[in-house]
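A look at the structure
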Amino acid sequence: MAVAVYPRNLAEALRILEIQSPLVLAGGTDLMVKRAGTYPDECPVMYIGNLPELRQISRQGEELRVGAACTFTELLASPLLPDYLRVPLAQIASPAIRNAATIGGNLCNASPAADALPMLYALDAHFILVSAAGECRMPVRDFFLGPGKTMLAAGQLLAEIRIPIREGWRCIYRKVGMRRANSLSKLSFYALSDCAGGRLQDIRIAFGAVAPTVVRSREAEMKILSGLPVEEIILMYNGLIKPIDDARSSSRYRREACIRLLKQYLQS
Amino acid sequence: MKPITEAANRLDFEDKITGAARYCADIRMEGMLFAKTLRATVARAWIRAIHIPPLPSGMAVIDWRDIPGKNAVPIVTDDQPFLAENCVNYVGEPILLAVGPDRAETASFIRQIVVEYEERKPILTLEEAMGRDGDFISGNQPWFASYGYDKGDLEGAMRRAARCVADTFTTGYQEQAYLEPQGMVASFEDGVITVRGSMQCPYYIVDALKNALGWETDRIRVIQLPTGGGFGGKEEYPSIPAVHAALAAIKTGKPVQLVFDRKEDILCTTKRHPSQITIKSYLDAEGNILARDIDVAADGGAYAGLSSVVLQRMIYSIGGVYRVENLRIHGRVYATNKAVSGAFRGFGGPQAFFAMETHMEHIARQTGMDSVQLRQRHFLRQEDSTSTGGHLRSPVPLHEMTDLALRLSDYYRKREQPNTDSGKLRGIGCSVFFHGCGFTGSGEQDLIRPRVRLRKDVDGIVHVLASSAEIGQGAMTTLSKIVARTLSIPLSQVRYEYPDTKVCPDSGPTVASRSVLVVGKLLLQAGLEMKKRWSEKAFETEARFTYPKGFSWDKENHQGDAYLEYSWGANVVEVELDPVTCDYKIKGVWAVYDAGTPIDKKIVAGQVEGGMAQGLGYGGMENLEYADGKPVQVSFTDYILPTSLDLPPVTFRLVDNESVLGPYGARGLGELTLVGAAPALAAAIENATGRPVNRLPLTPEYLLEVMNGG
Ligand SMILES: Cc1cc2nc3c(=O)[nH]c(=O)nc-3n(C[C@H](O)[C@H](O)[C@H](O)COP(=O)(O)OP(=O)(O)OC[C@H]3O[C@@H](n4cnc5c(N)ncnc54)[C@H](O)[C@@H]3O)c2cc1C
């Protein structure tokens, strides 16, 4: 039987983390469905879901700060959240899972199919990582190394997600799942555009679940802004997308659906 | 008295809702041991050696040498061992069990056992099996069963035909996905083995124990526990874990619990047969179907199991609801090195009706006819003879039902003016189908010979003694209502316990949409007898099945009345498909059924919604593939079942057409509700995309190929 520890604040949590190397549990919606035997029985479990420091949502100037232990339900209920963050989060799982699942868990689990990821890539979000030794700030694209692999070091917690806010973003999120609820993405497509003054000012495009980490290319986005023909843009993304065959879909479908979604978006 | 159709409070619900119901995994007994099964990790091999580490104290290992009787699961043929002896034929085949007081330790002990295999070339697909000319899995041919029958004169009709429309369809696996995995608890006391667990057919387990132990029935007792769903998956399969738990209990002298985890359950239990069906229809110049030549192939997995019986239902259903005078129908079920295919709600019907109904759509498309009119022109009618030459004695309300389904769904307007707002493709399609109720042919008489008893106690309480299992479908309530009605007593005066073979006679398995029709009818008969003697204080009455007069069945030649009764259905499904991703939403479902009198309206509604969801899941998202002899989707993260968001409310109607044979005019319904969903979905998708489909499941991956013209 695993021992459970419940730190009351972040400092205590970081101390326990340093000394006991516990398994960190937030909402448990990824951890609890792992098969028995994935983690050693003797490993203590530390619950971080009610650490007050990780549960804040605030706005500091042009930056939204989201505590890692906020649940999706809390995020969706916050008036501080702009629509372009709300749209992807609302498509995650189902109400019961969203009541428990945290954004930090979604990110630290580092599934290529995680629905919170593409938007954070597109928005150039930063993560605040904390440990007993101090805190550091890391861009989202540096944090993810591959499926289940992140830069999170032993003794570190993801504390906060910092997201630049910008008026004028219009988003679309297409989650291609296996059913309407409680389903992981076969692929996802997130795009932002700013058309202030009737002219395309900026564009961001991110694909989820079609490569070891989210696919985003500023270079390609700049080409779109410079008016490169759609066919050539598609060729660029076709080279960046590296989908796999797995239990949920085929690489062929993933690639073609991505390209078709991109084409539809660019032509509209 | 209220009409019998008015909804009653279900007898099994209070326990289930309050959490008082104890399922197999909830059972704890003094000294109970936990069992874990060692399973084959290769698809086909000789076992050369098994290296078992020294046994920790309190643990035991059970293998085939612990079977005192026959190491063969008694189903149709005796080819399947309870525990592998010197060879394995599918990944997941049980080799031995370990039992111990700690579940985790027992599981870890199993992981330390090493099996040395000498691998053989496996047969992993239906095509491989069909092309095989030696090194067969079973006997001297690549199939378990091969059947054929004719009607009329195919050759003559072919000569008169103006054209032929041919199609080949393939269908995939479907997993029953009952909420409660397989589980059994066995205890051995005073020379009697008692097995309790999750099951549909207590007497199948009695037979299995008799075979394995070589004991008489008086030393064998089987009791059903509250069961979290079956769908056919707990028809024949539970005999295997039941015998395993029993062997362990006998060897150790302690109670033994064997509960599967989900991955293990999907890996090794029975699933719906994949199929490949070719239909050639010969038409005259006016578009009348003169003849059909049909070939059915099904993938039976590693052992024969119930495959021959499933194949029979496939070939008796494949004619559809149509009157075609000249037929040649042939079917084979092949052996492959995969988990055994077995019973699943519909039992061969879903594959057959998908193929036939989709073929009717393709004929219409190729000849420029309206597909509904093409169907209507060929509908079976009362007094017609079925494909096997059986007699349709009762009214066949197909026209009325189809018209109603079309009207409810506004079919023709939607079909002709597809709504394409927002760049999505809309489509609507229908299916018309039947389900033959009860065992095939004279099986009720020849194989099952069901019996029921009623017992009246001094306090006036009436106990129903039957082996029909409550598996969530409402059998307890429905059957008790029939008894209460017959005796003119309130339902609260009737008791229906989970069947216990020590007290309940064998009223047959809880399968084949037979419980209401056959067992219900016997209870009505026993009730009438009891009513006559009601003034007596405490007594029992009994009823036994008799084959109805005028029916006949020739099993060898597949001729005569293939079923006692037929239930009919018409479904309409509307979809909205995104042409970019080929993902689609189901926008509407309409259904009309003729299952005779509904014994309980609410239970019927539950069957309709559940059957429809399971049928649409089969048609659409429930994808189970094998790679290297192993199922790929072995969790509910990857094996996708529909949720309430995937299924809009089902609008359904029942037509009034009382059964002559069934109790209070009722017929079978449980399977009917699944059978028509997938073909209606396929027709809707064809209408939306304008392209023919010929495969289930209709995944976006497949539809993208279809849209690309592949
Ligand atoms: C039925 C179902 C449906 C689902 N549907 C979706 C879906 O549609 N889209 C989707 O993206 N996901 C889905 N998921 C996955 C899951 O719900 C999400 O990934 C969720 O956000 C995980 O958060 P959690 O708080 O539950 O994580 P947990 O399970 O508690 O933790 C996940 C991992 O992150 C680590 N961790 C958690 N918080 C921190 C932290 N602050 N610092 C460091 N490490 C941390 C944990 O140690 C663990 O390794 C689904 C899951 C289920 C069971």
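Residues numbered from 1 in each chain as written. Chains lettered and ligands numbered in written order. Predicted model: local features only at pLDDT ≥ 70, side-chain atom pairs only at ≥ 80, totals over all residues. Heavy atoms only, no water.

1. Some remarks on the overall build of chain A
Stated precisely, the cut-off is as follows: Strands here mean DSSP runs of E at least two residues long; helices mean DSSP runs of H or I at least four residues long; both are numbered from the N terminus. Radius of gyration: C-alpha atoms only; globule rule: 2.2 Å multiplied by the number of residues to the exponent 0.38. The rule is simple: take the accessible area with a 1.4 Å probe, protein chains only, and divide by the maximum for that residue type; under 20% is buried, over 50% is exposed, in between is partly exposed. Throughout, a contact is declared for two residues whenever any of their heavy atoms are within 4.5 Å. With residues, only the protein chains shown are counted as cover, and all accessible areas are computed by Shrake-Rupley using a 1.4 Å probe. His is not counted, nor are the chain ends, whereas Lys and Arg count as positive and Asp and Glu as negative. Charge coordinates come from a single atom per side chain, which is NZ of Lys, CZ of Arg, CG of Asp or CD of Glu.
Regarding its fold elements, chain A presents 10 helices and 13 strands. Its C-alpha radius of gyration of 19 Å places chain A within 12% of the 18 Å reference for a compact globule of 268 residues. Within the span of chain A, comprising 268 residues, buried residues form 50% of the whole. Relative to all contacts within chain A whose residues are 6 or more apart in sequence, the contacts with residues 24 or more apart total 56%. Just so you have it, chain A exposes about 12300 Å², and 54% of that area is on carbon and sulfur atoms. If the 32 positive side-chain charges of chain A are averaged to one point and the 25 negative ones to another, these points end up 6 Å apart.

2. Details of the domain arrangement of chain B
All names here are of chain B. Put simply, the test is: All the domain ranges listed were derived from an automatic or database domain assignment. Buried area is calculated as the accessible area (1.4 Å probe) missing from two parts once they are joined, with the contributions of both summed. Any carboxyl oxygen of Asp or Glu within 4 Å of a side-chain nitrogen of Lys or Arg constitutes a salt bridge here. Polar contact is defined as a pair of N or O atoms within 3.5 Å, subject to the rule that within protein one atom must be able to donate a hydrogen and the other to accept it, and that residues adjacent in sequence are counted only when both atoms are side-chain atoms.
Domain boundaries in chain B define domain 1 (24-121 + 182-259), domain 2 (275-440 + 557-707) and domain 3 (443-544). Of note, the centres of domain 1 and domain 3, computed from C-alpha atoms alone, are 32 Å apart. Buried area between domain 1 and domain 3, both sides added, is near 1300 Å², and the carbon and sulfur share of it is 57%. The three residues of domain 1 that bury the most area against domain 3 are Gln200, Tyr203 and Gln224, which together make up 45% of that side's buried surface. At the junction of domain 1 and domain 3, the tally comes to one salt bridge. A salt bridge links aspartate 500 to arginine 221, with the nearest nitrogen and oxygen atoms 2.5 Å apart. Linking domain 1 with domain 3 are seven residue pairs in polar contact (both at pLDDT 80 or more).

3. Some words on the nonpolar core
To keep it simple, the criterion reads: Nonpolar cores are built from buried Ala, Val, Leu, Ile, Met, Phe, Trp, Tyr and Cys residues. Side-chain atoms within 4.5 Å join them into one set.
A:Ile205, A:Phe207, B:Trp568 and B:Leu698 are the most contacted members of the largest nonpolar core, which totals 164 residues. Looking at this core, the element that brings in the most residues is helix 15 (residues 515-532) of chain B, giving nine residues. Core analysis: the second largest hydrophobic core is formed by 49 residues, B:Leu97, B:Val99, B:Ile193 and B:Ala212 among them.

4. Brief notes about the pattern of salt bridges
Using the criterion set out here, one finds 64 salt bridges over all chains in the structure. With a closest N to O distance of 2.7 Å, A:Glu221 and A:Arg218 form a salt bridge. Taken together, the residues A:Glu221 and A:Arg218, both in helix 8 (residues 218-225) and three residues apart, mark about one turn of the helix. Between B:Glu361 and B:Arg415 there is a salt bridge, with its nearest N and O atoms 3.0 Å apart. Taken together, the residues span a long stretch of sequence, with B:Glu361 in helix 9 (residues 349-367) and B:Arg415 in helix 12 (residues 411-416) at a distance of 54 residues. The exposure class assigned to B:Arg415 is buried, which follows from its relative accessible area of 17%. Connected through salt bridges with shared partners, the residues A:Asp124, A:Arg166, A:Asp194, A:Asp202, A:Arg204, A:Arg216, A:Arg218 and A:Glu221 form a single ionic network.

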